Amino acid sequence: MPEEIKTSSLQVNIPEHVKTGVGANIVFVTTTSNGEVILDFIFAHPNDKDNAKNLQFGTLVSRVVLPVKVAKDLNLILGSHLGKPKSE
């Protein structure tokens, strides 16, 4: 049975295949002309490569399309949880 998240105004059902999550170690961010931000999450295992062609393989594990407002909110949320990036 799907898990549920309850808030004061929104009940969210979480399907079984989504509940466990997926691993990603690469993210590509694309913006579109109609005001969307696309996040492509990719998992690349270090051993999945063709050494002869110097080619690494990866698998797209999730694509999330966000309106700009939601992407800006996500940026603020991540900043508050992770802090500002430090200079190297």
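Residues numbered from 1 in each chain as written. Predicted model: local features only at pLDDT ≥ 70, side-chain atom pairs only at ≥ 80, totals over all residues. Heavy atoms only, no water.

Draft legend 1. Region of interest: the overall build of the protein. Across its full length, the protein holds two helices and seven strands. The linear arrangement of helices and strands in the protein, starting from the amino end, is β-β-α-β-β-β-β-β-α. For the protein, buried positions account for 10% of its 88 residues. Long-range pairs, those at least 24 residues apart, make up 23% of the contacts in the protein with a sequence separation of at least 6. (Helix = DSSP H or I, 4+ residues; strand = E, 2+ residues; numbered from the N terminus. Buried < 20%, exposed > 50% of the residue type's maximum accessible area, 1.4 Å probe, protein only. Contact = heavy atoms within 4.5 Å.)

Draft legend 2. Broad picture of the side chain of Asp40. Inspection of the secondary structure assignment puts Asp40 in strand 4 (residues 36–43). Within the structure, the side chain of Asp40 is placed 2.5 Å from the side chain of Arg63, a separation counted as a polar contact. When residues no more than four places from it in sequence are discounted, the contact partners of Asp40 are Ile26, Val27, Phe28, Leu60, Ser62 and Arg63. (Polar contact = N/O pair within 3.5 Å; in protein donor to acceptor, adjacent residues only side chain to side chain.)

Draft legend 3. Main features of unusual backbone geometry. We note that Asn54 has phi near 50 degrees; this positive angle belongs to a residue other than glycine. With respect to the element layout, Asn54 can be found in the loop between strand 5 (49–50) and strand 6 (55–56).

Draft legend 4. A look at the environment of Leu39. For Leu39, the location among the structural elements is in strand 4. Distance in space between the C-alpha atoms of Leu39 and Arg63 is 5.7 Å, their sequence separation being 24 residues.

Draft legend 5. Spatial organisation of helix 2 (residues 68–82). Look at helix 2: 21 Å from first C-alpha to last across 15 residues, which is about the 21 Å you get at 1.5 Å a residue. Positive backbone phi, approximately 80 degrees, marks Gly83, located one or two places after helix 2. (Expected span 1.5 Å × (residues − 1).)

Draft legend 6. Main features of the pattern of salt bridges. Tallying each qualifying case throughout the model produces three salt bridges. Between Glu16 and Lys19 there is a salt bridge; the shortest N-O distance is 3.2 Å. Taken as a pair, Glu16 and Lys19 lie in helix 1 (residues 16–19) at a separation of three residues, close to a single helical turn. The exposure class of Glu16 is partly exposed, given its relative accessible area of 42%. (Salt bridge = Lys/Arg side-chain N within 4 Å of Asp/Glu carboxyl O.)

Draft legend 7. Summary view of the sheet that holds strand 4. Pairing is antiparallel in the open sheet, where three strands are placed in the order 3-4-7. Sheet topology places strand 3 (26–31) and strand 7 (59–67) at the edges, where each strand pairs with a single neighbour. With direction set aside, neighbouring strand axes in the sheet form an average angle of 20 degrees. For strand 3 and strand 4, the ladder comprises six bridges, and the chain directions are antiparallel. Within strand 4, the residue paired with Thr31 across the bridge is Val37. On the sheet, helix 2 packs against strand 4 and strand 7 and is oriented at approximately 110 degrees with respect to strand 7. (Pairing = 2+ DSSP bridges. Axes fitted to C-alpha atoms, helices over the stretch in contact; angles between N-to-C directions.)

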